[in-house]
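Breakdown of the fold
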Amino acid sequence: MTATAATSPLLNGQTIGIAYHAIAAVRDRLLAASGLTFHQSVALNAVAAGLDRAGAVDRMAATLKIGEPEALALLDELADAGLIDGPRMSITDKGVSLQRGFTDAVAGLAERLYGDLPATEREIAARALAHVTAKANAELAAR
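A quick note: this is a predicted structure, and the numbers were derived from the prediction, not measured.

Turning our eyes to something else, we now look at the nonpolar core. Residues M60, L75 and L78 are the most contacted members of the largest nonpolar core, which totals 20 residues. In terms of residue count, the dominant contributor to this core is helix 3 (residues 38-48) (five residues). Those residues within four positions of L75 in sequence are excluded, and the remaining contacts are A43, V47, R53, V57, M60, I84 and M89.

With their axes 9 Å apart at the nearest point, helix 3 and helix 5 (residues 68-80) run at an angle of 80° to one another. Classified by the angle between their axes, helix 3 and helix 5 sit roughly perpendicular to one another. Contacts between helix 3 and helix 5 involve H39, Q40, A43, L44 and V47 from the first element and L74, L75, E77 and L78 from the second. Residues belonging to the contact of helix 3 with helix 5 are distributed by class as follows: six nonpolar, two polar and one charged.

At a minimum axis distance of 10 Å, the contact between helix 2 (residues 13-34) and helix 6 (residues 93-114) shows a crossing angle of 155°. With respect to each other, helix 2 and helix 6 are oriented roughly antiparallel. The two elements helix 2 and helix 6 meet at a crossing, and its hand is right-handed. Residues I23, V26, R27, L30, L31 and S34 of helix 2 form the contact with helix 6, whose participating residues are L98, F102, A105, V106, L109, L113 and Y114. Within the contact of helix 2 with helix 6, the residues separate by chemical class into 11 nonpolar, one polar and one charged.

In this section: the packing of aromatic side chains. Per the counting criterion, the structure on display carries zero aromatic pairs. Seen from the ring of F38, R27 lies directly overhead, with NZ or CZ sitting 3.8 Å from the centre.

Along its 12 residues, helix 4 (residues 53-64) runs 16 Å from first to last C-alpha, staying within 8% of the 16 Å computed at 1.5 Å per residue. Residues G55, A56, V57, M60 and L64 constitute the buried set of helix 4. Here the buried face of helix 4 lies against helix 3 and helix 5.

According to the stated counting rule, one finds three salt bridges in the structure shown. Between E139 and R143 there is a salt bridge whose closest N-O contact spans 3.3 Å.

This part takes up the side chain of R27. As for its position among the elements, R27 is in helix 2. R27 gets classed as buried once you look at its relative accessible area, which sits at 13%. Residues contacting R27, with those up to four places away along its chain left out, are Y20, F38, F102 and L109.

With phi around 60°, K65 is a residue other than glycine that occupies positive phi space. Inspection of the secondary structure puts K65 in the loop between helix 4 and helix 5. Backbone geometry at M89 places phi at a positive 50°, although glycine is not the residue there. Locating M89 in the fold gives a position in the loop between strand 1 (84-85) and strand 2 (90-91).

The rules we used
- Residues numbered from 1 in each chain as written.
- Predicted model: local features only at pLDDT ≥ 70, side-chain atom pairs only at ≥ 80, totals over all residues.
- Heavy atoms only, no water.
- Core = buried A, V, L, I, M, F, W, Y, C linked by side-chain atoms within 4.5 Å.
- Buried < 20%, exposed > 50% of the residue type's maximum accessible area, 1.4 Å probe, protein only.
- Helix = DSSP H or I, 4+ residues; strand = E, 2+ residues; numbered from the N terminus.
- Contact = heavy atoms within 4.5 Å.
- Axes fitted to C-alpha atoms, helices over the stretch in contact; angles between N-to-C directions.
- Parallel < 35°, antiparallel > 145°, perpendicular 65-115°, else oblique.
- Nonpolar A, V, L, I, M, F, W, Y, C, P; charged D, E, K, R; others polar.
- Left-handed = near helix turned anticlockwise from the far one by under 90°.
- Phe/Tyr/Trp six-rings, centres within 6.5 Å; stacked < 30°, edge-to-face > 60°.
- Lys NZ or Arg CZ within 6 Å of the ring centre and 35° of its normal.
- Expected span 1.5 Å × (residues − 1).
- Salt bridge = Lys/Arg side-chain N within 4 Å of Asp/Glu carboxyl O.

Structure, rendered in structure tokens:
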């Protein structure tokens, strides 16, 4: 085994999972300050993107791997918290403020975590992860 092989981890479920959990732990600390859960932040982002109810539910289902009832419950939670106007499916001023703050914090986190990687390595990693995600989604759809 070469020195490079010994120090360079293989791209597999374990390395992806370890990276995911490390990043998620930091992200969840950022979210704790906002009072949102990760699932709620995804729902808020869907509404902020201008999606209608069906579009927001579809995005949450695809992103979070949850069913329609869970996605609708998330929208209800945001409406109850005054972050969205549920009937109009629009984000409130309070929701905009919270969503912008979290989005800015995540952008800063991404820069701290990924910013020192060369752009070509980031592009390769993004393509590899998109490929793995597509194959995993196909596995889920086939069952």
